[in-house]
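Topology and contacts: notes
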Amino acid sequence: MDITLQQLGYIYAKDTPFEKRALVDVDLHIPSGSYFAVIGHTGSGKSTLLQHLNGLLKPSEGSIQIGKMLIPAGKKKLDLKLVRQKVGIVFQFPEHQLFEETVLKDIMFGPMNFGVPEQVAEARAKELVRLLGLPEEVLQKSPFDLSGGQMRRVAIAGVLAMEPQVLVLDEPTAGLDPRGRHEIMDLFAELHRTKNLTTILVTHSMEDAARYADYIAIMHEGRCVVTGTPREIFADEKTLKAYRLEVPRIVRFQKQLEQRIGRELPELALTEEE
Ligand code: ADP
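Residues numbered from 1 in each chain as written. Predicted model: local features only at pLDDT ≥ 70, side-chain atom pairs only at ≥ 80, totals over all residues. Heavy atoms only, no water.

**Re the sheet that holds strand β10 (residues 223-228)**
Pairing in this open sheet of six strands is mixed, and the strands run β6-β7-β8-β3-β9-β10 from one edge to the other. Where the open sheet ends on each side, the last strands, each with one partner, are β6 (87-90) and β10. Averaged over neighbouring strand pairs, the angle between their axes works out to 20° when direction is ignored. Note: β6 against strand β7 (residues 166-170), four bridges, orientation parallel. Paired with I89 across the strands is V168, a residue of β7. Sitting on the sheet, helix α5 (residues 148-160) touches β6 and β7, and the angle it makes with β6 is about 165°. Along the sheet, helix α6 (residues 178-194) contacts β3 (35-39), β7 and β8 (198-203); its crossing angle with β3, the most-contacted strand, is approximately 140°. (Pairing = 2+ DSSP bridges. Helix = DSSP H or I, 4+ residues; strand = E, 2+ residues; numbered from the N terminus. Axes fitted to C-alpha atoms, helices over the stretch in contact; angles between N-to-C directions. Contact = heavy atoms within 4.5 Å.)

**Looking at α6**
Counted at 1.5 Å a residue, the expected span for α6 with its 17 residues is 24 Å, and the 24 Å between its end C-alpha atoms agrees. Three or more residues of α6 are buried, namely G180, H182, I184, M185, L187, F188, A189, L191 and H192. If you follow the buried residues of α6, they end up packed against β3, α4 (118-131), α5, β7, β8 and α7 (206-212). Following α6 by one or two positions, N196 adopts a phi angle in the positive range, close to 55°. (Expected span 1.5 Å × (residues − 1). Buried < 20%, exposed > 50% of the residue type's maximum accessible area, 1.4 Å probe, protein only.)

Keep in mind these values describe shape, not function.
As structure tokens, this is what we get:
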């Protein structure tokens with residue numbers, strides 16, 4: 001599912017003394033099936049941008065096209081049910097949104113609300129629990145009796161149970177230790193491949209952007225200032241410096257290795273451990 005933002009602008013509390021312009025003239029094309037990272041400092045507009053991706057916020061200016069659905073600026077009422085189903089968002093600390101008595105009910109909640117038959121929703125929940133590396137017994141447990149890492153996986157399963165075509169990840173590893181972070185990021189990479197998802201990652205981590213994304217966009221003061229492949233983005237140290245962003249370690253290692261062997265490697269191939 002292609003996503004195209006055209007001259008997208010967003011103003012919080014418009015026409016009040018608290019008016020705040022959070023997005024300015026954002027032009028962005030996210031190709032179907034790509035893994036796209038959005039990076040930038042706190043306050044640069046990342047979270048405002050991601051809330052446009054499933055219609056939680058509507059453009060103040062410009063438009064956003066999600067697959068066949070065009071969401072223009074303006075007051076016109078639109079039926080966004082389909083967009084909400086096709087674009088799943090894993091918010092920061094998604095486990096805070098768990099609420100049902102059992103894990104099974106929690107994962108089934110979204111699909112059941114969208115009219116998916118109970119048996120189908122249950123089968124999806126069982127498959128997802130397995131896919132996310134959780135033991136089957138968790139299905140009958142209260143989500144609040146699980147560990148933090150398990151709760152996060154259950155919350156992610158709840159988003160995936162809607163079978164979205166686009167998965168938006170807002171700092172999905174916040175609060176996890178390094179091992180948990182790698183596990184979750186590798187899991188998303190696997191889901192991206194096997195479920196043919198368009199994945200949009202909003203992150204502070206240059207390492208994750210370098211390692212997982214096909215394309216990166218840099219946000220700065222509400223504008224999308226640069227887009228490119230990780231190689232392009234992280235080769236341009238002057239631009240990175242201008243936006244106070246760092247060259248990730250895996251890119252520095254790769255450059256050293258390439259200098260040593262005297263040729264460029266086809267992609268960012270190293271992991272931190274290597
Ligand atoms: P990021 O996700 O990159 O940290 P945000 O999209 O949260 O950036 O914020 C962009 C700008 O909009 C910031 O200046 C922020 O203070 C402002 N902002 C965010 N949410 C609101 C809100 N609900 N009301 C008013 N201003 C907001």
